[in-house]
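Understanding the architecture of this molecule
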Amino acid sequence: YNGIIYLIGGMNELTGKTSKQVLYFDASKSVWRNGLAIPEGRQFSKAIQVDNKLIVTLGGNDQGKCPANIIFDGKVWSVSKSTPVMYEDCKEVYG
(Lines give C-alpha, C1' and ligand atoms only; values in the text may rest on other atoms or scores of the structure.)
Protein backbone atom coordinates (compact mmCIF):
# COMPACT_ATOMS: atom_id res chain seq x y z
CA TYR A 1 0.00 0.00 0.00
CA ASN A 2 1.61 3.25 -1.15
CA GLY A 3 4.92 1.39 -1.53
CA ILE A 4 4.85 -0.18 1.96
CA ILE A 5 4.53 -3.90 2.73
CA TYR A 6 1.83 -4.68 5.32
CA LEU A 7 1.02 -7.81 7.36
CA ILE A 8 -2.59 -7.61 8.53
CA GLY A 9 -4.27 -9.83 11.11
CA GLY A 10 -3.71 -13.57 11.28
CA MET A 11 -4.44 -16.26 13.84
CA ASN A 12 -2.76 -17.15 17.11
CA GLU A 13 -2.13 -20.89 16.79
CA LEU A 14 -2.06 -21.34 20.59
CA THR A 15 -5.40 -19.66 21.31
CA GLY A 16 -7.16 -20.06 17.95
CA LYS A 17 -8.14 -16.37 18.10
CA THR A 18 -7.83 -14.00 15.17
CA SER A 19 -5.48 -11.03 15.42
CA LYS A 20 -6.08 -7.30 15.03
CA GLN A 21 -2.35 -6.65 14.69
CA VAL A 22 -0.93 -4.73 11.74
CA LEU A 23 2.78 -4.66 10.93
CA TYR A 24 4.50 -2.72 8.17
CA PHE A 25 8.02 -2.92 6.79
CA ASP A 26 10.20 0.16 7.18
CA ALA A 27 12.56 -0.35 4.22
CA SER A 28 14.80 2.56 5.22
CA LYS A 29 15.82 0.70 8.39
CA SER A 30 15.03 -2.89 7.28
CA VAL A 31 12.73 -3.41 10.27
CA TRP A 32 9.08 -4.34 10.85
CA ARG A 33 7.04 -1.81 12.85
CA ASN A 34 3.63 -1.89 14.53
CA GLY A 35 0.86 -0.17 12.61
CA LEU A 36 -2.63 0.90 13.63
CA ALA A 37 -4.63 -2.22 14.60
CA ILE A 38 -7.65 -3.22 12.51
CA PRO A 39 -11.11 -2.92 14.15
CA GLU A 40 -11.61 -6.69 14.47
CA GLY A 41 -9.45 -9.79 14.24
CA ARG A 42 -9.14 -11.28 10.77
CA GLN A 43 -7.50 -14.37 9.28
CA PHE A 44 -7.00 -15.58 5.69
CA SER A 45 -8.04 -12.18 4.34
CA LYS A 46 -6.78 -10.46 1.21
CA ALA A 47 -5.77 -6.82 0.80
CA ILE A 48 -5.74 -4.60 -2.26
CA GLN A 49 -5.02 -0.93 -2.86
CA VAL A 50 -7.75 1.01 -4.64
CA ASP A 51 -6.86 4.63 -5.26
CA ASN A 52 -5.52 5.88 -1.90
CA LYS A 53 -7.24 3.23 0.21
CA LEU A 54 -6.17 -0.19 1.42
CA ILE A 55 -9.11 -2.61 1.43
CA VAL A 56 -8.99 -5.81 3.48
CA THR A 57 -11.57 -8.29 2.25
CA LEU A 58 -12.67 -11.90 2.70
CA GLY A 59 -11.09 -14.01 5.42
CA GLY A 60 -12.79 -14.96 8.64
CA ASN A 61 -13.25 -13.57 12.13
CA ASP A 62 -13.72 -15.22 15.54
CA GLN A 63 -17.46 -15.64 14.88
CA GLY A 64 -16.85 -17.86 11.84
CA LYS A 65 -18.05 -15.19 9.43
CA CYS A 66 -16.57 -13.70 6.28
CA PRO A 67 -17.05 -10.15 7.55
CA ALA A 68 -17.48 -6.76 5.94
CA ASN A 69 -14.50 -5.13 4.27
CA ILE A 70 -12.10 -3.08 6.38
CA ILE A 71 -10.81 0.11 4.73
CA PHE A 72 -7.66 2.08 5.62
CA ASP A 73 -7.35 5.64 4.32
CA GLY A 74 -3.77 6.13 5.52
CA LYS A 75 -4.87 7.44 8.92
CA VAL A 76 -7.79 5.37 10.26
CA TRP A 77 -9.50 2.04 9.65
CA SER A 78 -13.24 1.89 8.96
CA VAL A 79 -15.65 -0.98 8.34
CA SER A 80 -17.81 -1.09 5.19
CA LYS A 81 -21.56 -1.43 5.51
CA SER A 82 -21.87 -4.76 3.70
CA THR A 83 -23.45 -7.66 5.58
CA PRO A 84 -21.14 -10.41 6.83
CA VAL A 85 -21.86 -13.97 5.66
CA MET A 86 -21.06 -17.25 7.35
CA TYR A 87 -17.59 -18.64 6.66
CA GLU A 88 -19.04 -21.63 4.80
CA ASP A 89 -20.70 -19.27 2.30
CA CYS A 90 -17.37 -17.77 1.24
CA LYS A 91 -15.18 -20.86 1.65
CA GLU A 92 -15.12 -21.44 -2.12
CA VAL A 93 -13.66 -17.97 -2.61
CA TYR A 94 -10.52 -18.53 -0.56
CA GLY A 95 -10.40 -22.25 0.19
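As the structure is a prediction and not an experimental result, all values here were calculated from the model. (Residues numbered from 1 in each chain as written. Predicted model: local features only at pLDDT ≥ 70, side-chain atom pairs only at ≥ 80, totals over all residues. Heavy atoms only, no water.)

**Some points on the overall build of the protein chain**
Looking only at helices and strands, the protein chain features 1 helix and 9 strands. Ordered by position from N to C terminus, the α and β elements of the protein chain give β-β-β-β-β-β-β-β-β-α. Taking all 95 residues of the protein chain together, the buried fraction comes to 24%. Residue pairs at least 24 apart in sequence account for 31% of intrachain contacts in the protein chain once pairs closer than 6 positions are excluded. (Helix = DSSP H or I, 4+ residues; strand = E, 2+ residues; numbered from the N terminus. Buried < 20%, exposed > 50% of the residue type's maximum accessible area, 1.4 Å probe, protein only. Contact = heavy atoms within 4.5 Å.)

**Considerations on the confidence of the model for the protein chain**
Here the protein chain averages 86 in pLDDT, while 85% of its residues score no lower than 70. Ranking the elements of the protein chain by mean pLDDT puts helix H1 (residues 87-94) last with 51 and strand E3 (residues 31-34) first with 96. (pLDDT = per-residue confidence, 0-100.)

**Structural notes on the sheet that holds E3**
Read from one edge to the other, the open sheet built from 3 strands follows the order E1-E2-E3, with strand pairing classed as antiparallel. Strand pairing shows two members of the sheet lacking a second neighbour, strand E1 (6-8) and E3, which therefore form its edges. Averaged over all neighbouring strand pairs, the angle between strand axes comes to 25°, with direction disregarded. Both strand E2 (residues 22-26) and E3 contribute to a ladder of 4 bridges, which runs antiparallel. Looking at the pairing, Tyr 24 lines up with Arg 33 of E3. (Pairing = 2+ DSSP bridges. Axes fitted to C-alpha atoms, helices over the stretch in contact; angles between N-to-C directions.)

**Quick word on a nonpolar patch on the surface**
Taken together, the side chains of Ile 5, Leu 7 and Trp 32 present a nonpolar region at the surface, about 300 Å² in accessible area. On the secondary structure map, Leu 7 appears in strand E1. (Patch = residues over 30% accessible without salt bridge, like charges linked within 9 Å, V, L, I, M, F, W, Y side chains within 5 Å. Areas by Shrake-Rupley, 256 points an atom, 1.4 Å probe, with all protein chains shown as cover. Salt bridge = Lys/Arg side-chain N within 4 Å of Asp/Glu carboxyl O.)

**A closer look at the nonpolar core**
In terms of nonpolar packing, the biggest core is built from 9 residues, these being Tyr 1, Ile 8, Val 22, Ile 38, Leu 54, Val 56, Ile 70, Phe 72 and Trp 77. Every element with two or more residues in this core is listed here: strand E5 (53-57) and strand E7 (70-72). Look past the residues within four positions of Tyr 1 in its chain and what remains in contact with it is Tyr 6, Gln 49, Asn 52, Lys 53, Leu 54, Phe 72, Asp 73 and Gly 74. (Core = buried A, V, L, I, M, F, W, Y, C linked by side-chain atoms within 4.5 Å.)

**Some words on the packing of aromatic side chains**
This structure, assessed with the given rule, holds 6 aromatic pairs. In textbook terms, an aromatic cluster arises when at least three aromatic residues are bridged by ring pairs, as seen for Tyr 1, Tyr 6, Tyr 24, Phe 72 and Trp 77. (Phe/Tyr/Trp six-rings, centres within 6.5 Å; stacked < 30°, edge-to-face > 60°.)

**A look at the pairing of E2**
As judged from the 3 bridges shared by E1 and E2, these two strands associate in the antiparallel manner. When the bridges of E2 are listed, Leu 7 appears paired with Leu 23.

**Some words on the sheet that holds E5**
Spatially, 4 strands are ordered E4-E5-E7-E8 in an open sheet, and the strand pairing comes out antiparallel. Looking at which strands have only one partner, the edges of the open sheet turn out to be strand E4 (46-50) and strand E8 (77-79). On average, each strand axis in the sheet is tilted by 25° relative to the strand beside it, whichever way the strands run. As defined by bridge partners, E7 adjoins E8 across 3 bridges and the pair is classed as antiparallel.

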